[in-house]
Amino acid sequence: MKLKNSKILRCAQDDKKHRGYFITFEGAEGSGKSTQIRNAVAFLQKKGRSVVMLREPGGTRISEAIRAILLDKNLKEMSPITELLLYLAARAQIVREKILPALAKGNVVISDRFEDSTRAYQGFGRKIPLEAIEAVSKLVRGKLRPDLTFVLDIDIAKGLARGGRHDRIEREALSFHRRVRQGFLALAKKEPRRMVVLDTNKSVESVSQKVRERLERVFGQ
Ligand code: TMP
């Protein structure tokens, strides 16, 4: 029997209601992601959504162990390709162990960083060709893509002063961090529907307001 149009529409809406949604927060060092993530989680929970909060690199036992290697300030000799593959290895684990199962259950998954960080840091920062990164990334995340990405843009000197220069990446030269920032902005220009750039020179509350407005458009009803 053929389904009537209205019935098809209702099924599609139900699917949408129960489908997981993947949000990422990105940005250079000290851009205030943690505060904005906390506010976004609180906003979505108030709306009755169950939210799973993760961070990259990290979020699983294996990925946290890889994180410790990646950020160890004593491992100065790490080559850019080793670095890239370790970030991707950490991601391969969290995608399969945490992100995909949580999305399959209909959760909203919010990740503090995901693959735009790889493009910005290892692509623009380390100057590894983006096509090479993309080729391996495909294997790591399959069809998974963030539905929505907030890029918190910050003046590099301000961000580093705020976050400190403790780990291996934070200790990179200012020119490296400048390329990373420009990288995020260039990526956002290419994908304006997915990536929302927010100026964090404004007050924390006004940035939170912008995040809420965007979330309201997705989760309003
Ligand atoms: P954070 O969790 O304190 O932001 O630290 C993660 C660091 O790792 C940060 O300097 C950004 C960097 N990073 C990359 O270089 N490539 C990546 O793919 C990811 C996820 C993070």
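Residues numbered from 1 in each chain as written. Predicted model: local features only at pLDDT ≥ 70, side-chain atom pairs only at ≥ 80, totals over all residues. Heavy atoms only, no water.

Q: So what exactly am I meant to see when it comes to the sheet that holds strand S2 (residues 51-55) here?
A: Strand pairs in the sheet, formed through backbone hydrogen bonds, run parallel or antiparallel to each other. Within the open sheet, the five strands sit side by side as S2-S3-S1-S4-S5. Their pairing is parallel. Of all the strands in the sheet, the pair left with one neighbour each is S2 and strand S5 (195-199). Adjacent strand axes in the sheet meet at a mean angle of 20 degrees, parallel and antiparallel pairs treated alike. Sheet topology places strand S4 (residues 148-153) next to S5; five bridges connect them, and they run parallel. (Pairing = 2+ DSSP bridges. Helix = DSSP H or I, 4+ residues; strand = E, 2+ residues; numbered from the N terminus. Axes fitted to C-alpha atoms, helices over the stretch in contact; angles between N-to-C directions.)

Q: Looking at this structure, how should I read the layout of surface pockets?
A: To find leftover empty space, a probe the size of one water molecule is rolled over the atoms. Of the voids in this model, the largest pocket is the one considered here, and its volume is about 480 Å³. Taken together, 24 residues form the lining of the largest pocket, with Glu29, Lys33, Glu56, Arg67 and Arg113 sitting closest to its centre. Where the lining of the largest pocket is concerned, the elements lending two or more residues are helix H2 (33-46), helix H3 (61-71), helix H4 (80-104) and helix H5 (115-125). The dominant element in the lining of the largest pocket, judged by the number of residues it contributes, is H5, at four residues. Among the residues forming the lining of the largest pocket, the class breakdown is seven nonpolar, seven polar and 10 charged. (1 Å grid on protein atoms, 1.4 Å probe; cavity = no way out; pocket = protein on both sides within 12 Å on 5 of 7 lines; lining within 4 Å. Points joined across faces, edges and corners; volume = space filled by probe spheres on them. Nonpolar A, V, L, I, M, F, W, Y, C, P; charged D, E, K, R; others polar.)

Q: I would appreciate a short explanation of the site of the ligand in the present structure.
A: Close contacts around the ligand come from 14 residues, with Glu29, Tyr87, Arg113, Thr118 and Gln122 the closest. Take Arg113: an N or O atom from its side chain is 2.8 Å from an oxygen atom of the ligand. At a separation of 2.6 Å, an oxygen atom of the ligand approaches a polar side-chain atom of Thr118. Protein chains shield 92% of the accessible area of the ligand, which is 480 Å² for the free molecule. Here the ligand is seated within the largest pocket. Considering each element in turn, the shell around the ligand owes the most residues, four residues, to H5. (Near = heavy atom within 4 Å. Polar contact = N/O pair within 3.5 Å; in protein donor to acceptor, adjacent residues only side chain to side chain. Areas by Shrake-Rupley, 256 points an atom, 1.4 Å probe, with all protein chains shown as cover. Sits in = over half its atoms within 2 Å of the grid points.)

Q: Whenever I open this one, the environment of Val95 confuses me. Can you help?
A: In this structure, Val95 sits in helix H4. When the C-alpha atoms of Val95 and Arg141 are compared, they prove to be 6.6 Å apart, with 46 residues separating the residues in sequence. Ignoring sequence-local partners within four residues, the contact set of Val95 consists of Leu100, Pro101, Phe114, Val140, Arg141 and Leu144. (Contact = heavy atoms within 4.5 Å.)

Q: In this structure, what is going on with the pairing of strand S3 (residues 108-112)? I would like to understand it.
A: For a regular strand, the rule is simple: side chains alternate between the two faces of the sheet. Summarising burial for S3: five of the five residues are buried, a large majority. Of the two faces of S3, the one lined by Val108, Ile110 and Asp112 and the one lined by Val109 and Ser111 are each fully buried. The pairing of strand S1 (residues 21-27) with S3 spans five bridges and is parallel. Within the sheet, the bridge partner assigned to Tyr21 lies in S3 and is Val108. Bridge count between S2 and S3: five bridges; the pairing is parallel. Paired with Val51 across the two strands is Val108, which belongs to S3. (Buried < 20%, exposed > 50% of the residue type's maximum accessible area, 1.4 Å probe, protein only.)

Q: Help me out: how do you make sense of empty space enclosed by the protein in this one?
A: Counted according to the given criterion, the structure contains one cavity of 30 Å³ or more. In this structure, the largest cavity encloses a volume near 30 Å³. Looking at the largest cavity, the residues that line it are Gly27, Ala28, Val151, Leu152, Asp153, Ile154, Arg181 and Phe184. Looking at the lining of the largest cavity, the elements with two or more residues in it are S4 and helix H8 (174-190).

Q: Any chance you could explain the packing of aromatic side chains here in plain terms?
A: Each pair of aromatic rings is reported with the distance of its centres and the angle of its planes. A full pass over the atoms with the stated rule returns five aromatic pairs. Taken together, a centroid distance of 5.0 Å and an interplanar angle of 80 degrees make the contact between Tyr21 and Phe219 edge-to-face. Here the residue Tyr21 occupies a position in strand S1, and Phe219 occupies one in helix H9 (residues 204-219), the gap between them amounting to 198 residues. With a relative accessible area of 12%, Tyr21 lands in the buried category. For the pair Tyr121 and Phe176, a centre-to-centre distance of 6.1 Å together with 55 degrees between the ring planes defines the contact as tilted. On the criterion of sequence distance, the pair formed by Tyr121 in helix H5 and Phe176 in helix H8 is long-range, its members being 55 residues apart. Like Phe176, Tyr121 is buried. Counting every residue linked through ring pairs, the aromatic cluster contains Tyr121, Phe176 and Phe184. (Phe/Tyr/Trp six-rings, centres within 6.5 Å; stacked < 30°, edge-to-face > 60°.)

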